[in-house]
Amino acid sequence: MHVKARRRRATLPRFVIVNTALAAAVWLLWALVWGPRFVDALDANWPVALTMVFGSLIGGGTSEGGGAVSFPVMTKVLDVPADEARVFTFAIQSVGMTAASISILACRVPIEKRVVVHGSAAGVVGVVLSSVFLAPLVPLHLVRVLFTMLLVSLAIALLLQLFQREYRRNRSIPMWSHRERALVIGTGLAGGVLSGVAGVGENCVMFLLLVLLFRVSEKVSTPTTVIMMTVVSIAAFLTHVFVIGDFTGAVVDYWIAASPVVAVGAPLGAWICTRLTPLTIRAVLFVLIGSELVSTLLFVGFTAATAAVSLVSLAVFTVVCLLLIRSTRYNAAEGAPPTSGAGPREPVRAPDPV
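Residues numbered from 1 in each chain as written. Predicted model: local features only at pLDDT ≥ 70, side-chain atom pairs only at ≥ 80, totals over all residues. Heavy atoms only, no water.

Further remarks concern the overall build of the chain. When you go through the chain residue by residue, the secondary structure sums to 13 helices and zero strands. Over its C-alpha atoms the chain spans a radius of gyration of 20 Å, differing by no more than 12% from the 20 Å that the globule rule assigns to 354 residues. Referenced to the eigenvectors of the C-alpha coordinate spread, the extents of the chain come out at roughly 60 × 55 × 35 Å. Counting over 354 residues, the chain shows a buried share of 53%. Here the chain displays about 14,900 Å² of accessible surface, and carbon together with sulfur accounts for 72% of that area. (Helix = DSSP H or I, 4+ residues; strand = E, 2+ residues; numbered from the N terminus. Rg over C-alpha atoms; globule rule 2.2 N^0.38 Å. Buried < 20%, exposed > 50% of the residue type's maximum accessible area, 1.4 Å probe, protein only. Areas by Shrake-Rupley, 256 points an atom, 1.4 Å probe, with all protein chains shown as cover.)

Here you go:
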């Protein structure tokens, strides 16, 4: 117990130093570059900045991404056009999730590096192609519905997985061959394609693979997907700036107003995640997914066709997720401490950052 307490006391100063430096750097840069425009943008767009207080905490500390909060609030509450909200999502995640990723790496939070490398590379290809060629063709409300159904199926599988007798968590993917590499690359590509049209998705899709199939602990999977979503968001943001050219007008002001906020909130969310148990992380995801479902049901105009697509996609996604959790190929590796996900003891816990 004393060792654990010393670790926690050692972690807090590192966290404070790293994240204070990150926040100070962003605030100083914004003051030097934007000056009075930052004050004017914040005054005119404070509701966007306030939204991103919550969005950045979720983006840095969960596998959903800040866009899961910013997009529905901006489009349904603040009346921001959907295409502008999507571009803003990439822009703001490029700042907030970059800060969170730097914090994760600097504070030595355990991640699955192989997944970051291979999944992020595939995700960049997927998000660039999707942003340029697919996003203009796909109705955004339909994408949001499909994304919600994917999250609901993930929640169902996460809940059922806890009751599997043989379920154990791994600290990393227990075996790594061409099969696992191909799965990570394919999932990264699919997540990038989804992110290109929805603004989020890379982290959710990879989290699904890591936790449901590979049995990697949520405490490792979450920061891993945060770093991946950072890379994908930056690639998408640069694509919208230099290729598509729609990072203009009000979107720039939203970004100027909210960026200093997320530079504080996203790293804080990432640190909070390191303090939570795997079961608590799942509980937070259940709440967020429930909120996503409610907002979709309330704000998306469902037609008979949209409802049919929703039910069919939910059924398909759920079947896929259930097939993943039924696989026993990646049950806890030999030598890993095998603790049950549903038992009274805390499941396999990645070592606290030093």
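Mapping A263 onto the fold places it in helix 11 (residues 250-275). A263 sits in the buried class, given a relative accessible area of 1%. Spatially, the C-alpha atoms of A263 and L150 are 29 Å apart, while their sequence positions differ by 113 residues. If we skip the residues at most four places from it in the chain, A263 touches A23, V26 and A99. (Contact = heavy atoms within 4.5 Å.)

Counting across every chain of the model gives nine aromatic pairs. Residues W27 and F38 carry aromatic rings whose centres are separated by 5.8 Å and whose planes lie at 85° to one another, so their mutual orientation is edge-to-face. Within this pair, whereas W27 is found in helix 1 (residues 2-33), its partner F38 is found in helix 2 (residues 36-44), the two being separated by eleven residues in sequence. Taking the relative accessible area as the measure of exposure, W27 reaches 41% and is therefore partly exposed. A centroid spacing of 5.5 Å and a plane angle of 85° characterise the contact between F247 and W255, whose relative ring orientation is edge-to-face. Per residue, the accessibility class of F247 equals that of W255, and both read buried. (Phe/Tyr/Trp six-rings, centres within 6.5 Å; stacked < 30°, edge-to-face > 60°.)

Counting 84 residues, the largest nonpolar core has F88, L212, F214, F247 and W255 as its most contacted members. Ignoring sequence-local partners within four residues, the contact set of F214 consists of N170, I173, P174, E180, L183, V184, L209 and Y330. (Core = buried A, V, L, I, M, F, W, Y, C linked by side-chain atoms within 4.5 Å.)

We now examine the side chain of Q161. Among the secondary structure elements, Q161 is positioned in helix 7 (residues 140-161). Note on Q161: relative accessible area 0%, which makes it buried. For Q161, the side chain forms a polar contact with the main-chain oxygen of L212, separated by 3.3 Å. At 2.6 Å, the side chain of Q161 forms a polar contact with the side chain of R282. With sequence-adjacent residues up to four places away left out, Q161 is seen in contact with Y167, V211, L212, R215, R282 and I325. (Polar contact = N/O pair within 3.5 Å; in protein donor to acceptor, adjacent residues only side chain to side chain.)

Further remarks concern the side chain of T148. Here T148 lies in helix 7. Judged by relative accessible area, T148 falls into the buried class, the value being 0%. A polar side-chain atom of T148 sits 2.7 Å from a polar atom in the side chain of T296. When sequence neighbours within four positions are dropped, the list of residues in contact with T148 reads E292, L293 and T296.

Quick look at the pattern of salt bridges now. Considering all chains together, one arrives at six salt bridges under this definition. For the salt bridge of E218 with R282, the shortest nitrogen-to-oxygen distance reads 2.2 Å. Taken together, the positions of E218 in helix 10 (residues 218-244) and R282 in helix 12 (residues 278-299) put the pair 64 residues apart, joining distant regions of the chain. Of the residues examined, R282 reaches a relative accessible area of 1% and is grouped as buried. Each member of the salt-bridge network shares a partner with another, and the members are R169, E218 and R282. (Salt bridge = Lys/Arg side-chain N within 4 Å of Asp/Glu carboxyl O.)

What follows deals with helix 11. In this model, helix 11 (26 residues) spans 37 Å end to end at C-alpha, consistent with the 38 Å of a helix rising 1.5 Å per residue. Approximately 40° is the largest bend angle found in helix 11, and it occurs at A258, with the proline P260 only one to four residues beyond. Of all 26 residues that make up helix 11, 19 are buried, and the element is covered over most of its length. (Expected span 1.5 Å × (residues − 1). Bend = angle between axes of the 7 residues up to and from the residue.)

Attention shifts here to the confidence of the model for the chain. On average, the chain scores 87 in pLDDT, and the residues at 70 or more come to 90%. In the model of the chain, helix 1 stands out as the element of lowest mean pLDDT, 74, in contrast to helix 6 (residues 113-134), which has the highest, 97. Within the model, pLDDT remains below 50 along residues 334-354, and this stretch shows 51 contacts once partners closer than five positions in the same chain are excluded. (pLDDT = per-residue confidence, 0-100.)

Of note in the backbone geometry, D79 takes a positive phi value of approximately 60° without being a glycine. Position of D79 relative to the elements: it lies in the loop between helix 4 (67-77) and helix 5 (82-106). When its relative accessible area of 64% is taken as the criterion, D79 is described as exposed. Phi is positive for R108, close to 60°, though the residue is something other than glycine. Relative to the elements of secondary structure, R108 occurs in the loop between helix 5 and helix 6. The exposure class of R108 is exposed, given its relative accessible area of 53%.

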